[in-house]
Amino acid sequence: ALRAAFVPKAQKRNQRSWNYLQPQASYKVTILGAAGGIGQPLALLVKMSPLVSALHLYDIANVKGVAADLSHCNTPSQVLDFTGASELADSLKGVDVVVIPAGVPRKPGMTRDDLFNINANIVKSLIEAVADNCPDAFIHIISNPVNSTVPIAAEVLKQKGVYDPKKLFGVTTLDVVRANTFVAQKKNLKLIDVDVPVVGGHAGITILPLLSKTKPSVSFTNEEIQELTVRIQNAGTEVVEAKAGAGSATLSMAYAAARFVESSLRALDGDGDVYECTFIQSELTELPFFASRVKIGRKGIEAVISSDLQGLTEYEEKALEALKPELKASIEKGLAFAQKQT
Ligand code: NAI
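- Per an unreviewed UniProt entry, the chain goes by the name Geranylgeranyl diphosphate reductase, chloroplastic and belongs to Nyssa sinensis.

Rendered as structure tokens:
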């Protein structure tokens, strides 16, 4: 009581409102590529989660300082650093969720597919380590091109005999975050209420926001639909161009990835009301992988929400058909890469 008397009132109030200081669960999360543009702010946001007891940061360089820095935040999780291939296995043992933002980002003029050659190899080697050390973990793939890196990861896990399609997720949350933001701005809606499902894939025209399924229900003119759809599809490029050579989206991506991590942890913790859009192995269309809204539970994906693809507008139907050849080619490119390695 004596000590409390010396704590200024405002500070006490602040500490109480930072309720993540109270641990609520004890999950372990590893970030592979944790020293990068996405990795660092993502690590900070995950450090704020009351559901995390251990935060493992892995990178090929520069991760020691990031971990030392983060470890001073007075939130529950313990931060550990792991540098280089020799420490990769230890970073993965016993963890519940692995997030992978390792790889190179785009520069102006590049498509996500231009990253394929470098990132395909990075994802392949990281997933091999995941398969060997934490085959039951949820795996979140951020490294682009997601349309190819998720099929690569699936194939590598299959080759290792540990593939669980319910636990492999391509992170497309940023597309939803952007769609929600742009729609709320355009229609003057309260941001917190807006939810736009985004399906298909995560590159250019394969990103298909289903504006007709926006909640709360809202009507758009044809021009608004065209403008919003194109803006959501090109939002990543908007950032790449604004950063003019210094990389692609990192802060909004970290925010989106943190939301997906938090959703996964809530699902693992037994919350029965967790829904996210994500790029997964899928039977929703004739394509073997497809992003859609899913229900996530303790064992991964519990249900694919097929109703989102029913009753589409003509514009959406056309866009859905138009994206399929490109998405199919990206998936096949990923599968072929992983298969030729064996
Ligand atoms: P960055 O270059 O700032 O960071 C990448 C990090 O990965 C670096 O710290 C690097 O040392 C590390 N790394 C490279 N090879 C590695 C390996 N073998 N093992 C572990 N770490 C390794 O790049 P940034 O901006 O963080 O982007 C990362 C990836 O995320 C890129 O592929 C980018 O295209 C993708 N991205 C995906 C988005 C999505 O919506 N899914 C959105 C934005 C970016």
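Side note on helix H6 (residues 116–133)
Phase 1 of the analysis: Between its first and last C-alpha, H6 extends 25 Å over 18 residues, near the 26 Å set by a 1.5 Å rise per residue.
Phase 2 of the analysis: Against the buried residues of H6 lie strand S1 (27–32), helix H5 (88–92), strand S4 (97–100), strand S5 (138–141), helix H7 (146–159) and helix H11 (314–340).

Looking at the nonpolar core
Phase 1 of the analysis: Within the largest apolar cluster, 99 residues are counted, with the highest numbers of intra-cluster contacts made by Leu57, Val98, Ala153 and Ala257.
Phase 2 of the analysis: Ranked by residue count, the leading element in this core is helix H10 (residues 251–268), at 10 residues.
Phase 3 of the analysis: Excluding its chain neighbours within four sequence positions, the residues that come into contact with Ala153 are Val123, Ile127, Ile139, Ile141 and Leu168.

Quick word on the site of the ligand
Phase 1 of the analysis: The environment of the ligand is formed by 32 residues, the closest being Gly33, Gly36, Gly37, Ala102 and Asn144.
Phase 2 of the analysis: At 3 residues, the largest contribution of residues to the shell around the ligand is made by H6.
Phase 3 of the analysis: Its residues placed into classes, the shell around the ligand shows 18 nonpolar, 12 polar and 2 charged.

Notes on unusual backbone geometry
Phase 1 of the analysis: Looking along the chain, the bond that leaves Asn144 and enters Pro145 is cis, with omega of -5°.
Phase 2 of the analysis: Across the junction of Lys215 and Pro216, the peptide omega takes the value -5°, indicating a cis bond.
Phase 3 of the analysis: With respect to the element layout, Pro216 can be found in the loop between strand S8 (207–209) and helix H9 (222–243).
Phase 4 of the analysis: Phi at Asn62 takes a positive value of approximately 65°, unusual for a residue other than glycine.

Thresholds, definitions, all that
Residues numbered from 1 in each chain as written. Predicted model: local features only at pLDDT ≥ 70, side-chain atom pairs only at ≥ 80, totals over all residues. Helix = DSSP H or I, 4+ residues; strand = E, 2+ residues; numbered from the N terminus. Expected span 1.5 Å × (residues − 1). Contact = placed C-beta atoms within 7 Å. Core = buried A, V, L, I, M, F, W, Y, C linked by C-beta atoms within 7 Å. Buried ≥ 20, exposed ≤ 12 C-beta atoms within 10 Å, placed from the backbone. Near = placed C-beta within 6 Å. Nonpolar A, V, L, I, M, F, W, Y, C, P; charged D, E, K, R; others polar.

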